[in-house]
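# A structural walkthrough
In case you want the letters, here they are:
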Amino acid sequence: MKAVLPLDAAGDLATAGGKGASLARLATAGLPVPAGFVVTTDAYRAFTGAFRDEILQAAAAGDAARVAGLFAGRELPDDLAAAVLAAYAELGDGVPVAVRSSATAEDLPDLSFAGQQDTYLNVRGDTLLDAVRRCWASLWNARAIAYRDRHGVPHADVALAVVVQELVDADAAGVLFTADPVTGARDEAVINAAWGLGESVVGGHVTPDTVVVSRGRVTRSRTGDKAVMTVRTEDGTRDRPVPDELRRAPVLDEREALELAALGTRVEELYGTPMDVEWARRDGAFAILQARPITALGERHEEWNDSLKGDHLWTAGNLGEAIPDVMTPATWSFVRLFIGEAMHASTLPGFDLVGNIGGRFYMNLSIAHSVARAFGLRSAVSALEQVFGKVPAGLDVPLLEASRWELLRRVLPMTVKLRVRVRRNLRGMRAFLAASPELAGDLRARIAAAGSAAELARLEEREITPYLVTASRMLEAAGRQGGAALVLTRDRLRKLAGEPDAEAMLTGVNADGELASLGLLTGLGKVARGEITREEFARRYGHRGPHEFEISMPRPGEDPAWLDAQLAALGDLRQDTETLLERQREAAAAAWDRFARRYPRKVAGMRERVRRWNTMVRDRETARSEVVRAFWMLRAYVLRAGELTGHGDALFFLDREEIAAVLRGDTAPLAEVPVRRATYERYAALPAYPALIAGRFDPVRWAADPGRRADLYDARGGVPPQDTVTGFPGAPGVVEGVARLIGGPEEGDRLQPGEILVTTLTNVGWTPLFPRAAAVVTDMGAPLSHASIVARELGIPAVVGTGNATMRLRDGDRVRVDGERGTVEILT
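Residues numbered from 1 in each chain as written. Predicted model: local features only at pLDDT ≥ 70, side-chain atom pairs only at ≥ 80, totals over all residues. Heavy atoms only, no water.

### Some remarks on the overall build of the protein chain
Heads up, the condition is: Helical segments are the DSSP runs of H or I of at least four residues, strand segments are the runs of E of at least two, and each set is numbered from the N terminus. When a residue's accessible area, from a 1.4 Å probe over protein chains only, is under 20% of the maximum for its type it is buried; when over 50% it is exposed; and in between it is partly exposed. Whether two residues are in contact is decided by their heavy atoms, any of which lying within 4.5 Å being enough.
When you go through the protein chain residue by residue, the secondary structure sums to 28 helices and 26 strands. For the protein chain, the C-alpha atoms occupy an extent of roughly 105 × 65 × 60 Å along the three principal directions. Here the protein chain, with 828 residues, has 57% of them falling under the buried criterion. Restricting to contacts in the protein chain with at least 6 residues of sequence separation, those with at least 24 account for 68%.

### Here's the deal with the sheet that holds strand β8 (residues 209–214)
Defined as follows: Whether two strands pair depends on DSSP finding at least two bridges between them. Inter-axis angles, ranging from 0 to 180 degrees, are taken between N-to-C directions of lines fitted to C-alpha atoms, where helices are fitted over the stretch in contact.
Across the sheet, six strands lie side by side as β9-β8-β7-β6-β12-β13; this open sheet has antiparallel pairing. Sheet topology places β9 (217–222) and β13 (285–293) at the edges, where each strand pairs with a single neighbour. The sheet shows a mean angle of 20° between the axes of neighbouring strands, taken without regard to direction. Of the pairings in the sheet, the one linking strand β7 (residues 189–195) to β8 comprises five bridges and is antiparallel in character. The partner of Val190 across the bridge, within β8, is Val212.

### Notes on the pattern of salt bridges
In plain terms, the rule: By salt bridge we mean one thing: a side-chain nitrogen of Lys or Arg within 4 Å of a carboxyl oxygen of Asp or Glu.
Applying the stated criterion across every chain, the model contains 57 salt bridges. Note that Glu536 and Arg539 form a salt bridge whose closest N and O atoms lie 2.9 Å from each other. Residue Glu536 and its partner Arg539 are both found in helix α20 (residues 534–541); the two are separated by three residues, about one turn of the helix. The partner of Asp813 in a salt bridge is Arg810, and the shortest N-O contact between them spans 3.7 Å. Here the salt bridges do not stand alone but share partners, grouping Arg740, Glu747, Arg750, Glu755 and Asp811 into one network.

### Observations regarding the nonpolar core
Which entries qualify depends on this criterion: In this description, a nonpolar core means a group of buried Ala, Val, Leu, Ile, Met, Phe, Trp, Tyr and Cys residues linked to one another through side-chain atoms lying within 4.5 Å.
Among the nonpolar cores identified, the biggest contains 92 residues, and Phe338, Ile339, Phe361, Phe631 and Tyr637 are the most heavily contacted of them. For this core, the leading source of residues is helix α16 (residues 453–480), giving 12 residues. Formed by 43 residues, the second largest nonpolar core is a distinct cluster that contains Ala64, Leu80, Val153 and Val158.

### What to know about empty space enclosed by the protein
As a reminder of what qualifies: Put plainly, a pocket is an open set of points on a 1 Å grid over the protein atoms alone with protein on both sides within 12 Å along at least five of seven lines, a cavity is a set where a 1.4 Å probe fits but cannot get out, and a lining residue has an atom within 4 Å of a point. Grid points are joined across faces, edges and corners, and a volume is the space filled by probe spheres set on the points.
Tallied over the full model, the rule gives seven cavities of 30 Å³ or more. Taken as a whole, the largest cavity spans an internal volume of roughly 150 Å³. Lining the largest cavity are 15 residues, with Asn318, Ala322, Arg624, Ser785 and His786 positioned closest to its centre. For the lining of the largest cavity, the secondary-structure elements that each account for two or more residues are α11 (319–322) and α23 (603–645). Of the residues forming the lining of the largest cavity, the biggest block, three residues, is contributed by α23.

### What about a positive patch on the surface?
Note the following rule: Residues enter patches when they are more than 30% accessible in relative terms and free of salt bridges; like-charged ones are connected within 9 Å and nonpolar ones (Val, Leu, Ile, Met, Phe, Trp, Tyr) within 5 Å. Surface accessibility follows the Shrake-Rupley procedure with a 1.4 Å probe radius. Residue values consider only the protein chains on display as shielding. Charge counting treats Lys and Arg as positive and Asp and Glu as negative, with His and both chain ends excluded. For this purpose, a charge sits on NZ of Lys, CZ of Arg, CG of Asp or CD of Glu.
A cluster of basic residues, Arg419, Arg423, Arg424 and Arg427, forms a positive patch on the protein surface. Position of Arg424 among the secondary structure elements: in helix α15 (residues 404–449). Among the residues examined, Arg424 registers a relative accessible area of 43% and is labelled partly exposed.

### Points about the side chain of Ser366
Just so we agree on the cut-off: Polar contacts here mean pairs of N or O atoms no more than 3.5 Å apart (in protein, one a potential hydrogen donor and the other a potential acceptor; neighbouring residues in sequence count only if both atoms are side-chain atoms).
Position of Ser366 among the secondary structure elements: in helix α13 (residues 365–375). A polar side-chain atom of Ser366 sits 2.5 Å from the main-chain carbonyl oxygen of Pro398. Setting aside residues no more than four positions away along its own chain, Ser366 makes contact with His312, Leu313, Val397, Pro398 and Leu400.

### Focus: the packing of α23 against helix α24 (residues 656–663)
The cut-off we apply is this: Should an angle lie under 35 degrees it is considered roughly parallel, over 145 roughly antiparallel, and from 65 to 115 roughly perpendicular; all remaining angles are considered oblique. For a crossing to be left-handed, the near helix must be turned anticlockwise from the far one by less than a right angle; the clockwise case is right-handed. As a working rule, the residues Ala, Val, Leu, Ile, Met, Phe, Trp, Tyr, Cys and Pro are called nonpolar, Asp, Glu, Lys and Arg charged, and the rest polar, with Gly in that last group.
Running from N to C, α23 and α24 cross one another at 30°; their axes reach a closest spacing of 10 Å. Comparing their axes, α24 and α23 come out roughly parallel. α23 and α24 meet at a crossing whose hand is left-handed. For the pair formed by α23 and α24, the contact residues are Tyr637, Val638, Ala641 and Thr645 on the first element and Ile659, Ala660, Val662 and Leu663 on the second. A per-class count over the contact of α23 with α24 returns seven nonpolar, one polar and no charged.

### Quick look at the packing of aromatic side chains
Short version of the rule: Only the six-membered ring of Trp is used, alongside the rings of Phe and Tyr, when aromatic pairs are assigned; centres must lie within 6.5 Å, and planes under 30 degrees apart are stacked while those over 60 apart are edge-to-face, with the rest tilted. Definition used: whenever NZ (Lys) or CZ (Arg) falls within 6 Å of the ring centre and also within 35 degrees of the ring normal, the charge is taken to sit over that ring.
Tallying each qualifying case throughout the model produces 20 aromatic pairs. Between the aromatic rings of Tyr689 and Trp702, the centroid separation amounts to 6.1 Å while the plane-to-plane angle is 85°, which identifies the pairing as edge-to-face. Of this pair, Tyr689 sits in the loop between α25 (673–684) and β17 (692–694) while Trp702 sits in helix α26 (residues 699–703), and the two are 13 residues apart along the sequence. Connected via pairs of aromatic rings, a cluster forms that spans Tyr44, Phe47, Phe51, Phe71 and Trp136. Positioned over the ring face of Tyr271 is Arg25, at 4.4 Å from the centre of the ring. Across the ring face of Phe728, the terminal group of Lys390 is positioned such that the distance to the ring centre comes to 4.9 Å.

### Comments concerning the pairing of β13
The buried count for β13 comes to eight of nine residues, which makes it a mostly enclosed element. One ladder, built from eight bridges, connects strand β12 (residues 275–282) with β13; its direction is antiparallel. If you follow Val277 over to β13, its bridge partner there is Ala291. Where β12 folds back on β13, the antiparallel hairpin that results is connected by two residues, among which Asp283 adopts a positive phi of roughly 55°.

### Quick notes on the environment of Leu418
Looking at the secondary structure, you find Leu418 in helix α15. Given a relative accessible area of 14%, Leu418 falls into the buried group. Linking Leu418 and Met343, residues 75 residues apart in sequence, is a C-alpha distance of 9.7 Å.

### With respect to unusual backbone geometry
Even without glycine at this site, Arg215 takes up a positive phi of about 55°. You will see that Asn318, though not glycine, has its phi angle at about 60°, which is positive. Examined against the element boundaries, Asn318 turns out to sit in the loop between β14 (313–315) and α11.

### Some words on the packing of α16 against α24
It is at 8 Å that the axes of α16 and α24 come closest, and there the two elements cross at 145°. Facing Ala453, Ala454, Leu456, Ala457, Glu460 and Thr465 of α16, the residues of α24 in contact are Arg656, Ala660 and Leu663. A per-class count over the contact of α16 with α24 returns six nonpolar, one polar and two charged.

### Here's the deal with the pairing of strand β26 (residues 823–826)
Inspection of the sheet shows strand β19 (residues 725–726) paired to β26 by two bridges, in the antiparallel sense. By the bridge assignment for β26, Thr726 is matched with Thr823. The pairing of strand β25 (residues 814–818) with β26 spans four bridges and is classified as antiparallel. Bridged to Asp818 within β26 is Thr823.

Any link to function would need more than the numbers given here.
So this is what it looks like as structure tokens:
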């Protein structure tokens, strides 16, 4: 029997356990491994031979405490003790060591067993024997027993070696993953680093620095707030506060990060698989403490995350409400084209106006806030809130890293160009909006009739993409006409008439022409009354729905069952749409009468301002509807491209340039489809992310946090969640009723007539539910958002942009909604 072996001659798994065999392999390959030895599994079996049956019986009964007693009551035999102490003496006089468990079912490619057995640090002298015995006993602690049971590892098959190594008195330590354990990316090494010994990182006691290295350079880094560090003491180790000057200082510089990543590459090449490497640094020199294969790495994924590009404030408000889904790569590429044209004047070179965070659409509010600060426009911040929603009190908006003069230099020329561009596009806007439905229908028919991939490619280049560009420019013109009148008119009217009358006087958008946001609802009523056919409904309104920008998802116009379900639900409405609109017309007339009596000299001017306000809202909503119609046409294009090339829905996982390349016969882009499909499915399985994101955000880790917030993620910490539910007054009125939390319009049948609809956000696809609701409450939204506009037109009390309604309210709560004050009160 060989009770003890030098570390570089420790042998195989059966003799040295997983950790010992791995360290022996690293040492033999010349990697920097601290000196040491292994107390072999033969020694373990010799020690436990007399009571092995008792151990197995206790383990079968799950009695870990009984096993611990069996070990504690026995000393190591003299010959074993002498061999261990002799090997220890060869390391030096009283050298502090780390004593680590090394099981035969450990550090394997499929099962790591990490953390299941025990480790003891800063062990010296005669206490070594007790540490070895306690390591042996830890093979039978409750964690290890349960882990083996869960993974089907027979208890009778395992044994434990013990690794004894010189303790690196580290000034820094951490973990290196040679592949990203979250995304699965094999071309990225992820380093976690903290001050002191590595136990604070491995044990999760500290938020470490994170450094990502790819292709020989540091691509991302984040400095953690490292509150504690594990240090050596006379009797072991202890966690102590990190000195203030080090707490937020980076542990590794770029040279050290690259050196450590290069060590990781050598380890991965040695094992032929991505590895999880524990490391330590002392006086600038790195040591490898252990290495194990990364288990459960799973499929390779891409990382879709623009929040990692810098410290910015991102919002899912406004357009994010219209694009609520995780986007396929095809959709995102068309959305970027749309944004580039529809918000052309809002872009700043070098900064992303919009971003893809975990597949979801976000807008960069730091740009608008930085420009407002540079121009000294406090009113601009109020205008932003009416469009995107409120920024929580106490949240410092991260500003762009650009001087005031640099921002002025960039913005002023763009402002001039915007005026010219909007003026030019307004001249053709109404003609385009009138002709667009027929033009889009004609293009859809020609897409379906395309007989070859080459013919479809020509159609895309010459007519499909130009149509999207034109529709996007018309939306920009519609939204920019009148300057800030959309915001200023509402503010002025509220000051003169008060909230309830102001909101009533602003209704009537639907009077002089159909409001596109109400199109689905009014169209359903027309079908029910026999005024239009089902085919006409599909032609006029079939492009609108809850997922209208995501081109991989079908539209109501493609799904007869959707129309059947909506027509059946009309019988459940509290009141039909025309009744609600008529009631609101009467309320508006009464409000105008009161205004006229109070301000007789202002009524004519205000009526003209409100008329223009209504026209602008209607134009904006109509233009947005035609952009959505263009996206329905894009869906038809990608589907037809899949048919003609034989690649089906795989094309939804390519961007628009790659789809065009496939149509021209280039199949190389298709190699990326499996990874992108896996990435899309990974993100789509997560809950919707927070409405506001400040700083760098990891959607996978956020979703795994049981304490996650749906209203705000701030990488800097800080703003506590609100206990009350307050938001913008969306539409006035006070209602008491049962709160019904609805995750999506597909769950609409859960909303009973007279209940209060509570949800994260609404868009056009939610509109058929509104007449059934006594009131509407949303997490996201603002006075110019969909929920506000539709609720105001229908006279349904609403509170929007609360941030936390779905967090604070429970399904079935009885609540009071005050749409004038913007409050929601829980009654029972």
